[in-house]
Every structure is written in C-alpha cells, then in structure tokens.
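Spelled out from the first residue to the last, the chains are:
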Amino acid sequence: MQGLMMDYSLTIEKILFRARDNFPYQEIISRMADESIHRYKFINFYERTVKLMNVLRTLGVKKNERVGTFAWNSYRHLELYFAIPCIGSVLHTLNIRLFPEQLKFIVNHAEDQFIFVDASLTKLLTPLQDEFKTVKKFIVMEDGAPVDPGLKNTVMYEELLSKAEFKEDFPLLDENQAAALCYTSGTTGDPKGALYSHRSTYLHSLGICLADTLALSVNDIILPVVPMFHVNCWGIPYACCLTGSKPVFPGAHLIGKPLAELIQNEKVTLAAGVPSIWNPLYQFLKKNHYDVSSLRGLVVGGSAAPRAMIENFDKDFGVKIIHAWGMTEMSPLGTVCNLIPEIKSQDNSVKYKYMAKQGLGVPMVEMKIVDDEGKTLPKDGVSNGELLVRGPWIIKEYYKTDSEDAKSAFTLDGWFKTGDIASIDKMGYLEITDRKKDLIKTRGEWLSSVEMENFLMSHESIMEATVVGRQDDVRGEAVVVFLVPKEGHTENFNKHTLIHFLSEKFVKWQIPKESDIHVVTAIPKTSVGKFDKKVLRAQLKGDS
Ligand code: AMP
C-alpha cells in the first residue's frame, strides 16, 4: 500500500517564494569592491530575481544550459543563484582563483553559454576569452570597479535589468532537474563536476538549518566568508532564504579588519569559512579592539579546525567554533560538531578534544568506515579506514566523465568513497585523520599529517604549519614541516626547540630532521584556501 501524500516537488523557486512571503523586509547586505555597503530587502531581491529570469530568457538561455558566474559574494550573485535554476538552467559558479588552464578546462567542459562577471574581475577573463569555446557573452556586474576594456562581447547587468519586465513566469520543474554545477578543486587530475539537483539543494538547505547542525533561523545575521564560488557557499544563500536569516556578503574584503568591522557593525551572529580565514582574524582581534560579542559561532570547514584555534577563540573572545566537514561531492555538508549533553557536562579539555573532531553526521547523511578490502570497521574511535557516505545530496556519478578515476569513487552497492581516512567513535563522532593521499608512511608506519599540523599550530610562536612526506631511501617517506611563525616571533624560533616540542607527542621516527623543517613567510594555498600540498611536494622533488 502506498502512502496518500502529495507529490510535492522540492524545487528552488519554493525557497524563493518563502523569502518573498515570510521575510519581505529582512535585509540583505553586501560590501562592494569600492568598499561601499549596499543594502536592500528580500522583497527587492525577489523582484530583481524575477526580472533577471526574464533577462536570461531574452539573452536566449535555454533549459539545461549552463550559465557561469565569476564573482565575489554579493547580492547580484544571490540573484543569479535563484534566477538561473528557476528558469531550468544550470548555475555554474566559477572559482575566480583557479589557474587559467583549469578555468579554461572547466568552462569548456561545462559548455557555459554566458558568464556573469564582476567588473573588478573582468581583467582575469580578458586573456582567456578567445579560448572559451561556447561563451556567447559576458554580462558585467557593476561593483564599483572599472571594466577591463579588453573584454569583448560585454553587456551591463543593470542595463539589462532596467529594461526587463516584472513578469512572474516560473516554469514547472521536475525536482530532479539539474540546478547547479560545481567542480572539485582538482588536486589530482582534471577537476570533476558535481551536478546538484533542485531536490538535493532543497534537502541540503533544510539539513544545514536544523537545531543540531548550524541552527540557522530568522534571528541570525550570517557572514558567509566562504566564497559563493566554493560549493555554492556551503548552501548558505539558499538556507538564508528558507529561514529568513540576514546575509552579510563580504565581497572581496576577506582579511582581519574588514571582517571584524562587518561583524561589529552588522552584529553578525554566525560566520562561515576555512581555517586560513579565521587564523588571521584571530591575530587581528588580539591586537585591535573590536566587539565580536554578537557572534554565537564561527563555522569552520574545508580543512581541519586546529584545537588551538578552537581554544583560543573560546578563551580570548568567548566565540564558539562550530567544526563542520563536507565535500564538493556532498553539496557539501556531511557532519557538524555540536556537543551532546554527556560531553557538554565534562571539563574543558574533554570538550575541546571533541570540538576538534568533525562531529556527528547530518540527518540524511549515512557514514561508515571500511578497510582496504571494503570490510566495515567498528565504530570504536580507534579503527581507521576510508570514509564512505551516502545520502540525497551526495553525487551518484560525476558530470560528463567516465575516467577510471571518476568511476572508482563509487562502490557497487551505492556508496561514495570520500578519499578521507577517519575513525567514528561509539557516540557517532567522526574524526578525520587525513586525506588518504596525504598520510605519510615513515618506517613502515602511518603518520597523520593533520595530527602533526594541529599539534604544531598549538605552539605559541606558530601561525600556520603543514606537513608532507618526502621520498627517503631509509625511511620510505621522511616527514617535512613547513611553518610560518607568528608576527614578531621569528627571532625566538629555533628548530632545535621545535624538535623538542614535537617529541612531547610524537615518537622519534616520526620527528623531522632539522633540515626538513622549513621556516617560510607563507604556505602556498589552493584556490579554496587549503594548504597546497601538491605544490610543496613538487618543490621538494625539485619540479618547480
Ligand atoms: P572540497 O571538495 O574542496 O570542499 O574538499 C573536501 C575535502 O576537504 C574533504 O574530503 C576533506 O579532506 C577536507 N575537509 C573538509 N572539511 C574538513 C574538516 N572539517 N576537517 C578536515 N578535513 C576537511
């Protein structure tokens, strides 16, 4: 017998209607390229989005066609997040920090028909425009910066919008219709596309709002520092419209002062970004007085949140770090670390230890860990294996590729292999040990690079640290450390004392030789702000 419930498709225009009907006077705030602050309300956003849908139609965008965006976080980007999928086309957010070769690959692979670009970013597209095979026009969004005169075939966003009709024409869409396309950051091989559907986007939006995940509500003022070109800004733009949370888009200004100003002036309650954003903010707040007491949390994901960062923010500013884990292939949210009552009631050292774990699976995301033969391992907090996941917002295949690499990411019985090595404890808390390919095998034993990085970053003089393996005839792989001292700490830094420090936690064979400790002024980062271990390994091999 079948249930007798309505067949109600979960499509993105319904999220938009919620914003229009329930929160018309909630504000949307954006900092523009010229640092001015733009404010308007959800109702203005709705009207402009409807007009933008008609602009897209007039441009000739058809159902299923991919439309690229090349832009910072701002209200116009939010309009595109809705208008493109609401006419049945596919929003393709392009990462503005990609190398030209990768950008070309992605635009051509996705066959983008149009690209919406911030005026301040036009100069990055000019040298590539002739190599984009399918792009018909660039629509320039006026963010206060000049447009690069070399970019051909341009038309201005506001000009198109000013001529567009306000006619609410929402096509009936299947909930499994494609809505958005994001490519992985491609640390190995070509980037691969994750093609989200309306349904997966809707369910993911609900998933990230739950009380025991990020608990987004109409009372929140949320600062998504995570770019709108990184996994759809972790789903925050859609979740804001669903819940009426007030978004504060930071534009291009992602360093200490402008972020601290936005938090203080707009009374931000929740901010989200990668650790490499929060570390400099912490250093800035230590030296400059800003009121960040409105914050109920900083969501940290994309890389492991070091325990030292969790403790420092809590002790110095009373700010709670909410550790989350996810992947492009998972829309992205997989786990969030909130403490259950049994842990909350314990002392700080137990609490911090747990807060440094990646947390509990979000409802609808199933997880298990397996050994090399695919056998499920116990959830005992000790066994480590590859993390497998399944759920309604996880890809079942990559977009338009049948490479062996892409196919081998799935098990025959429908799980996605994350490539992360992890343990899960008996209460369900996930702890990522490392990326499979970043584990270091030294003298036949595995070392978690993440564990050593976190320990190094708890040192009072270290701002950032990363650890990679280097081929070594005797040890198989030797441990190599790259670190950036905190400002003013370079002088009192010495490799000998660092080795002594490491010996508090690591055994002799895991500790790097002095010649394998590199004190540097900056660690290379990927386009989404993670330590770029590929570049470091190449440097060690002498490839670059
Ligand atoms: P991306 O698809 O670029 O978002 O990268 C996903 C990968 O980032 C995951 O498979 C993890 O290896 C890593 N990652 C994301 N969040 C975390 C976290 N909280 N802790 C450790 N690693 C993380």
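Everything in this summary refers to the structure shown in the same document. (Residues numbered from 1 in each chain as written. Predicted model: local features only at pLDDT ≥ 70, side-chain atom pairs only at ≥ 80, totals over all residues. Heavy atoms only, no water.)

1. Topic: empty space enclosed by the protein
A probe as big as a water molecule, rolled over the atoms, marks out the empty space that is left. Inclusion rule: In this analysis the probe radius is 1.4 Å and the grid spacing 1 Å, with only protein atoms considered; a cavity is a set of points the probe fits into but cannot get out of, a pocket is an open set with protein on both sides within 12 Å along at least five of seven lines, and lining residues have an atom within 4 Å of a point. Grid points are joined across faces, edges and corners, and a volume is the space filled by probe spheres set on the points. Helix and strand definitions follow DSSP, with helices as H or I runs of at least four residues and strands as E runs of at least two, each counted in order from the N terminus. Throughout this entry, Asp, Glu, Lys and Arg are counted as charged residues, while Ala, Val, Leu, Ile, Met, Phe, Trp, Tyr, Cys and Pro are counted as nonpolar. The remaining residues, Gly among them, count as polar.
Applying the stated criterion across every chain yields a total of five cavities of 30 Å³ or more. Put simply, the largest cavity is a space of about 150 Å³. What lines the largest cavity is a set of 16 residues, among which Asn 95, Tyr 183, Thr 184, Ser 185 and Phe 229 lie closest to the centre. Elements represented by at least two residues in the lining of the largest cavity include exactly strand 4 (90–93) and strand 8 (178–183). Classifying every residue of the lining of the largest cavity gives eight nonpolar, eight polar and no charged.

2. With respect to the packing of aromatic side chains
What counts is decided by this rule: Pairing of aromatic rings covers Phe, Tyr and Trp, the last through its six-membered ring, and needs centres within 6.5 Å; plane angles under 30 degrees mean stacked, over 60 mean edge-to-face, and all others mean tilted. Accessible area is worked out with a 1.4 Å probe on protein chains only. A residue is then buried under 20% of its type maximum, exposed over 50%, and partly exposed in between. The rule is short: NZ of Lys or CZ of Arg within 6 Å of the ring centre and within 35 degrees of the ring normal puts a charge over the ring.
Counting across every chain of the model gives 19 aromatic pairs. Judged by centre distance (5.4 Å) and plane angle (65 degrees), the ring pair of Tyr 282 and Phe 313 falls under edge-to-face. Residue Tyr 282 is located in helix 10 (residues 275–287), and its partner Phe 313 is located in helix 11 (residues 307–317); the two are separated by 31 residues in the primary sequence. Phe 313 matches Tyr 282 in its accessibility class, with the two residues each being buried. With centroids separated by 5.9 Å and ring planes inclined at 75 degrees, the aromatic side chains of Phe 455 and Phe 506 adopt a geometry described as edge-to-face. Taken together, the residues Phe 455 in helix 15 (residues 449–456) and Phe 506 in the loop between helix 16 (495–502) and strand 25 (517–519) connect sequence positions 51 residues apart. For Phe 455, a relative accessible area of 15% corresponds to the buried category. In this structure, Lys 192 packs its charged tip against the face of Tyr 398, placed 5.3 Å from the ring centre. Sitting over the face of the ring of Tyr 354, Lys 357 holds its NZ or CZ atom 4.7 Å from the ring centroid.

3. Examining the site of the ligand
Using the following cut-off: The rule for a residue being near a molecule or strand is that one of its heavy atoms must lie within 4 Å of it. Contacts described as polar in this section are N or O atom pairs within 3.5 Å, which, within protein, must combine one atom able to donate a hydrogen with one able to accept it, while residues neighboring in sequence count only if both atoms come from side chains. Shrake-Rupley sampling with a 1.4 Å probe provides the accessible areas, and residues are treated as covered by the protein chains on show and by no other component.
Around the ligand, 15 residues are found, and the nearest of them are Ala 324, Thr 328, Asp 420, Arg 435 and Lys 530. Asp 420 places a side-chain nitrogen or oxygen 2.7 Å from an oxygen atom of the ligand. Within the complex, the protein chains bury 91% of what would otherwise be the 490 Å² of accessible surface of the ligand. Top contributing element to the shell around the ligand by residue count: strand 14 (residues 321–326), with four residues. Considered class by class, the residues forming the shell around the ligand number four nonpolar, eight polar and three charged.

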